[in-house]
Amino acid sequence: MTKIAVLVGSLRKDSINRKFAGALEKLAAGQMEFVFADLANLPHYNEDLWDNVPESVTQLKAVIENADAVLIVTPEYSRTYPGVIKDAVDWATRPWGKNSWAGKPLAITGTSPGAIGTAIAQNHLRTTMVAVGTAVMGQPELYYSYKPEHFGANGDIVDEATKTYLESWIGSFAGWIANTGR
Ligand code: FNR
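A short tour of the structure in this document, coming up. Note that the structure is a prediction, hence the values are computed from the model and not measured. Residue indices begin from 1 for each chain and proceed along its sequence in written order. With pLDDT at 70 or above as the cut-off, local features in this predicted model cover only qualifying residues; side-chain atom pairs require 80 or more to be listed or tallied, and sums for whole chains, interfaces and linings still use all residues. Note that the side-chain values use all heavy atoms of the structure and ignore hydrogens as well as water.

Re the overall build of the chain
Right, on to step 1. Numbering of helices and strands runs from the N terminus; a helix is a DSSP stretch of H or I covering at least four residues, while a strand is a stretch of E covering at least two. Within the chain, the regular secondary structure consists of 5 helices and 6 strands.
Right, on to step 2. Counting from the amino terminus, the chain carries its helices and strands in the arrangement β-α-β-α-β-α-β-α-β-β-α.
Right, on to step 3. Taking 182 residues into account, the globule formula puts the C-alpha radius of gyration at 16 Å, and the chain, at 16 Å, falls close to it.
Right, on to step 4. When accessible area is computed with a 1.4 Å probe and restricted to protein chains, residues below 20% of their type maximum are described as buried, those above 50% as exposed, and intermediate ones as partly exposed. Buried residues in the chain amount to 47% of all 182 residues.
Right, on to step 5. Contacts were defined at the residue level, with two residues in contact if any of their heavy atoms lie within 4.5 Å. Here the contacts in the chain between residues at least 6 apart in sequence split such that 78% fall between residues at least 24 apart. Radius of gyration here is computed from C-alpha atoms only, and the compact-globule reference equals 2.2 Å multiplied by the residue count raised to the power 0.38.

Quick word on the packing of aromatic side chains
Right, on to step 1. Any two of the Phe, Tyr and Trp rings considered here, Trp counted by its six-membered ring, make a pair once their centres fall within 6.5 Å; the pair's planes then place it as stacked at under 30 degrees, edge-to-face at over 60, or tilted in between. Evaluation of the coordinates by the stated rule reveals 7 aromatic pairs.
Right, on to step 2. The rings of Phe20, Tyr144, Tyr146 and Phe151 are connected pair by pair, giving a single aromatic cluster.
Right, on to step 3. Against the face of Phe36 rests Arg18, its NZ or CZ located 4.0 Å from the ring centre.
Right, on to step 4. Whether a charge lies above a ring is judged from NZ of Lys or CZ of Arg, which has to be within 6 Å of the ring centre and within 35 degrees of the ring normal. The ring of Phe151 has Lys19 lying over it, and the distance from NZ or CZ to the ring centre is 4.7 Å.

Some points on helix α3 (residues 83-93)
Right, on to step 1. For α3, the buried fraction is high: 8 of the 11 residues fall into the buried class.
Right, on to step 2. Here α3 has its buried residues at Val84, Ile85, Asp87, Ala88, Val89, Trp91, Ala92 and Thr93.
Right, on to step 3. Contacts made by the buried residues of α3 are with β1 (2-8), α2 (55-65), β3 (69-73) and α4 (119-131).

In short, the description is geometric, and any link to function would need to be established separately.
Structure follows, in structure tokens:
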């Protein structure tokens, strides 16, 4: 079973991105195990905190390092990705020489109620994740414009066309992980 560290860029309980990540988890069941990183207690990046490392930082780095690949599911805030993701990215690059991201296969997706479905946020994040040394899947892209009617009561995707596309995207991610040698 391929282990996937999942980072969700929204902390609110009714997050559509968390819901979308949960739907992807269900569709990937049997081939991937999703391990959700807890970003709620992560402080802003502060070099001084390495003197007494917060448990949330240690845990984040462990979740990434113990995974075969990483999936980031993020909203778009002010036409980029949210600060919680930037803090997670920065913490996991340090301490110097212990970059948890190095060589990890990674995919990015996200959802918003708007028509472009986080395209700009994902584009910015892709640049960042290349810079920190992950192997970012470039294609296929997945910009999901959120439609509540696509989801059943238990969080499953019930819209057949959407389900088919998402399953195919997960298959591409699995292929990407295999091809990058993890
Ligand atoms: C937003 N939203 C938003 N949507 C978008 O498509 N492009 C954007 O630039 C922004 N900017 C933005 C800024 C801030 C501060 C907030 C709070 C929201 C709307 C956003 O897509 C919507 O609130 C989603 O529901 C957020 O995702 P979660 O929290 O439901 O996962």
